[in-house]
Amino acid sequence: MQEKIPYRQLGTGDFFEARFVQELLICLDFILDRNEDALDTFQSSLLDLDSSIASIIFSSEAIFNLISIKDNLSNYGSCIAMIYDIFIATNFIARYESQGSNLGKFTELVLNYDENVKSFDPFWLRSYLLHLQRQRSIDYEQFEDCDAINIMSIHRAKGLEFPIVFMPYQNEISGRPYRDWE
């Protein structure tokens with residue numbers, strides 16, 4: 001970072017930190033929230049995330065579409081159908097089309113949930129996504145700097161080939177450089 005060399009960290013489990021994922025989770029939380037102040041909480045959460053997103057949602061018919069999904073939650077047969085309706089209601093795909101494989105990763109998580117649970121339960125879906133978020137086992141795929149240094153664990157690099165590899169901490173034992181042990 002000091003030398004301003006572009007880099008990508010792989011294996012950090014940062015998928016749920018991506019802005020589009022956080023927006024989706026905030027929308028899902030709103031749909032599942034049965035409190036009277038759900039709309040205020042939703043708006044506040046979107047403002048905390050990004051005021052431009054809050055403007056998009058609340059200055060268009062998106063908010064009415066989300067309220068309709070919320071009011072008709074019992075009509076869904078699968079969580080993926082509900083997620084797709086959230087995508088449509090908020091014009092999500094058009095706004096995040098550059099996130100193609102990351103959007104695919106999110107829908108894959110929901111599809112896997114639907115296949116394993118075999119019943120519509122969006123509350124358990126939210127719990128499942130929260131569990132995955134805590135596990136930090138899913139990586140966000142970065143596309144902007146293809147010509148960047150890849151920083152990853154040895155385990156993550158297994159099976160990959162690189163022309164040059166640096167292993168900076170492999171020459172240290174107990175915080176001291178290995179050459180001091182000679």
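Within each chain, residue numbers correspond to sequence positions counted from 1 in written order. Owing to the predicted nature of the model, reporting of local features is limited to residues with pLDDT of at least 70; listing and counting of side-chain atom pairs is limited to 80 or more, with chain, interface and lining totals taken over all residues. The side-chain figures draw on all heavy atoms in the structure; neither hydrogens nor water molecules are used.

### Some thoughts on the environment of Gln-99
Numbering of helices and strands starts at the N terminus; helices are DSSP runs of H or I of at least 4 residues and strands are runs of E of at least 2. With respect to the element layout, Gln-99 can be found in the loop between α6 (92-95) and α7 (100-117). Separated by 79 residues in the primary sequence, Gln-99 and Phe-20 have C-alpha atoms spaced 8.5 Å apart.

### Section: the packing of helix α1 (residues 19-32) against helix α2 (residues 38-49)
All axes are obtained by fitting lines to C-alpha atoms, using only the stretch in contact for helices, and the reported angles, taken between N-to-C directions, cover 0 to 180 degrees. Here α1 crosses α2 at 175°, and the two axes come no closer than 9 Å. The orientation of α1 with respect to α2, classified from their angle, is roughly antiparallel. Facing α1, whose interface residues are Arg-19, Gln-22, Glu-23, Ile-26, Cys-27 and Phe-30, α2 presents Ala-38, Leu-39, Phe-42, Ser-45, Leu-46 and Leu-49. For the contact of α1 with α2, the per-class residue count stands at eight nonpolar, two polar and two charged. Here roughly perpendicular refers to angles of 65 to 115 degrees, roughly parallel to angles under 35, roughly antiparallel to angles over 145, and oblique to all remaining angles. In what follows, a contact means two residues having at least one pair of non-hydrogen atoms within 4.5 Å. Note on residue classes: Ala, Val, Leu, Ile, Met, Phe, Trp, Tyr, Cys and Pro are nonpolar, Asp, Glu, Lys and Arg are charged, and everything else, Gly too, is polar.

### Re the packing of aromatic side chains
Two aromatic rings, drawn from Phe, Tyr or Trp (for Trp, its six-membered ring), form a pair once their centres lie within 6.5 Å of each other, and the interplanar angle then sorts them: stacked below 30 degrees, edge-to-face above 60, tilted otherwise. This model, assessed by the stated rule, comprises nine aromatic pairs. With a centroid separation of 5.7 Å and an interplanar angle of 45°, the aromatic rings of Phe-42 and Phe-58 are classed as tilted. Of the two residues, Phe-42 sits in helix α2 while Phe-58 sits in helix α3 (residues 51-58), which places them 16 residues apart along the sequence. Think of it as a cone above the ring: NZ of Lys or CZ of Arg counts as a charge over the ring if it is within 6 Å of the ring centre and within 35 degrees of the ring normal. Here the basic side chain of Lys-70 rests over the ring of Phe-30, its NZ or CZ set 4.7 Å away from the ring centre.

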